[in-house]
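# Close look at the chain arrangement
Residues per chain, in single letters:
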Amino acid sequence: MLRIEDLHASVAETPILKGVQLSIGPGEVHAIMGPNGSGKSTLSKVLAGDESYTVESGRVDFEGQNLFEMPPEERARAGLFLGFQYPVEIPGVNNSYFLKAALNAARAARGEPEIDPVSFLKRVRERAQWVGLDDSLLKRPVNAGFSGGEKKRNEIFHLAVLEPRLAILDETDSGLDIDALRAVADGVNRMRDPQRSFLLITHYQRLLSYIEPDYVHVMVRGQIVRSGGKELAAELERSGYAAFEDEEAA
């Protein structure tokens, strides 16, 4: 589904990603862990098409298409979803109207008709329950005045309504209490599907206690230095990142 080959990227002429290699197959859940400043969030934003970052070299294919030939909105319509570490507030834009417009744009790109109001309302109410999102938040502007936990629940709610092919979740667990973490994880687990993949970016093993990954990757100084199964996350929890930083330096 996603193939990243020797990806180098920078921000403000400062190199951040320094040769990232990664392949994600359909239905797989991958987790990237690493210390602050290792390039995890940069990778997510480069994949989503954030123009603040410059791709210096390398290639990324998404379901056979060159991702870098697609503007951000085309990537989203093709089924790439980014859950933000710090979700953006959009004052004046109703949460439900925003979602309906996004969903219909994706359906139009697939040659499908617009979703009818009854079906949309049924989907919205069902998916809001998945993450414990209060119905009153559906009528408010996107993330405006939401608490930190509500914003993260809203991100996963958007994911559940839009049903993307690949969901990149950038530190969705940061700042969540245990109840919100469980609700967010439950929403993700309900969305797991043989044709839908996830890339989870996190500092901590606790998220992976609720969302079991197929693969775990350690990123240090802009490169993936080790890959393994879920046991790698447990090793990181015990030993920290110092050993991996020393390994990369050597």
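In what follows, the accompanying structure is described. Owing to the predicted nature of the structure, the values given are computational and were not obtained by experimental measurement.

The next point concerns the overall build of the chain. In terms of helices and strands, the chain carries eight helices and 12 strands. Its C-alpha atoms give the chain a radius of gyration of 18 Å, near enough to 18 Å, the size a compact globule of 250 residues would have. Based on the C-alpha atoms only, the size of the chain along its principal axes is roughly 60 × 40 × 35 Å. Burial analysis of the chain (250 residues in total) assigns 50% to the buried set. Looking at the chain alone, contacts between residues at least 24 apart form 69% of all its contacts between residues at least 6 apart. About 11,700 Å² of surface is accessible on the chain, with carbon and sulfur atoms providing 47% of the total. A distance of 5 Å separates the average location of the 29 positive side-chain charges in the chain from that of its 38 negative side-chain charges.

The first and last C-alpha atoms of helix 4 (residues 117-130) sit 20 Å apart over 14 residues, in line with the 20 Å expected at 1.5 Å per residue. Within the sequence span of helix 4, burial applies to Phe-120, Arg-123, Val-124, Arg-127, Ala-128 and Trp-130. Buried residues of helix 4 fall within an arc of 140° about the axis and therefore sit on the same side. Among the exposed residues of helix 4, those pointing more than 90 degrees away from its buried face are Val-118, Lys-122 and Gln-129. Packed against the buried residues of helix 4 are helix 3 (95-109), helix 5 (148-162) and helix 6 (178-191). Put simply, Asp-116 is the residue that caps the front of helix 4, since its side-chain oxygen is 3.2 Å from the backbone nitrogen of Val-118. Directly beyond the C-terminal end of helix 4, a positive phi value near 65° is found at Gly-132.

Further remarks concern helix 6. For helix 6, built from 14 residues, the straight-helix expectation of 20 Å at 1.5 Å per residue is met to within 8% by its first-to-last C-alpha distance of 20 Å. Listed as buried for helix 6 are Ala-180, Leu-181, Ala-183, Val-184, Ala-185, Gly-187, Val-188 and Met-191. For helix 6, the N-terminal capping position is held by Asp-177, with its side-chain oxygen 3.2 Å away from the main-chain nitrogen of Asp-179.

Another aspect to go through is the environment of Ile-224. Its location among the elements puts Ile-224 in strand 12 (residues 223-228). As a C-alpha pair, Ile-224 and Gly-145 span 79 residues in sequence and 37 Å in three-dimensional space. When sequence neighbours within four positions are dropped, the list of residues in contact with Ile-224 reads Val-20, Gln-21, Leu-22, His-217, Val-218 and Met-219.

Scanning all chains against the criterion turns up 11 salt bridges. For Arg-59, the salt bridge goes to Asp-61, with nearest N and O atoms at 2.9 Å. In this structure, Glu-112 and Arg-107 form a salt bridge, with 3.8 Å as the shortest nitrogen-oxygen distance. When salt bridges with common partners are traced through the structure, they connect Arg-123, Glu-126, Arg-127 and Glu-163 into a single cluster.

By the element assignment, Lys-152 lies in helix 5. Salt bridges are absent for the buried Lys-152, whose nearest opposite-charge side chain, Asp-173, sits at 6.4 Å.

Within a regular strand, the side chains alternate between the two sheet faces. The buried fraction of strand 3 (residues 29-33) is high, at five of five residues. Neither face of strand 3 is left uncovered, since the one carrying Val-29, Ala-31 and Met-33 and the one carrying His-30 and Ile-32 both have all their residues buried. In this sheet, strand 10 (residues 197-202) lies alongside strand 3 in parallel orientation, the contact comprising five bridges. By the bridge assignment for strand 10, His-30 is matched with Leu-199.

Reading guide: rules and limits
Residues numbered from 1 in each chain as written. Predicted model: local features only at pLDDT ≥ 70, side-chain atom pairs only at ≥ 80, totals over all residues. Heavy atoms only, no water. Helix = DSSP H or I, 4+ residues; strand = E, 2+ residues; numbered from the N terminus. Rg over C-alpha atoms; globule rule 2.2 N^0.38 Å. Buried < 20%, exposed > 50% of the residue type's maximum accessible area, 1.4 Å probe, protein only. Contact = heavy atoms within 4.5 Å. Areas by Shrake-Rupley, 256 points an atom, 1.4 Å probe, with all protein chains shown as cover. Lys, Arg positive; Asp, Glu negative; His and termini not counted. Charge placed at Lys NZ, Arg CZ, Asp CG, Glu CD. Expected span 1.5 Å × (residues − 1). Arc of directions from axis to C-beta. Polar contact = N/O pair within 3.5 Å; in protein donor to acceptor, adjacent residues only side chain to side chain. Salt bridge = Lys/Arg side-chain N within 4 Å of Asp/Glu carboxyl O. Pairing = 2+ DSSP bridges.

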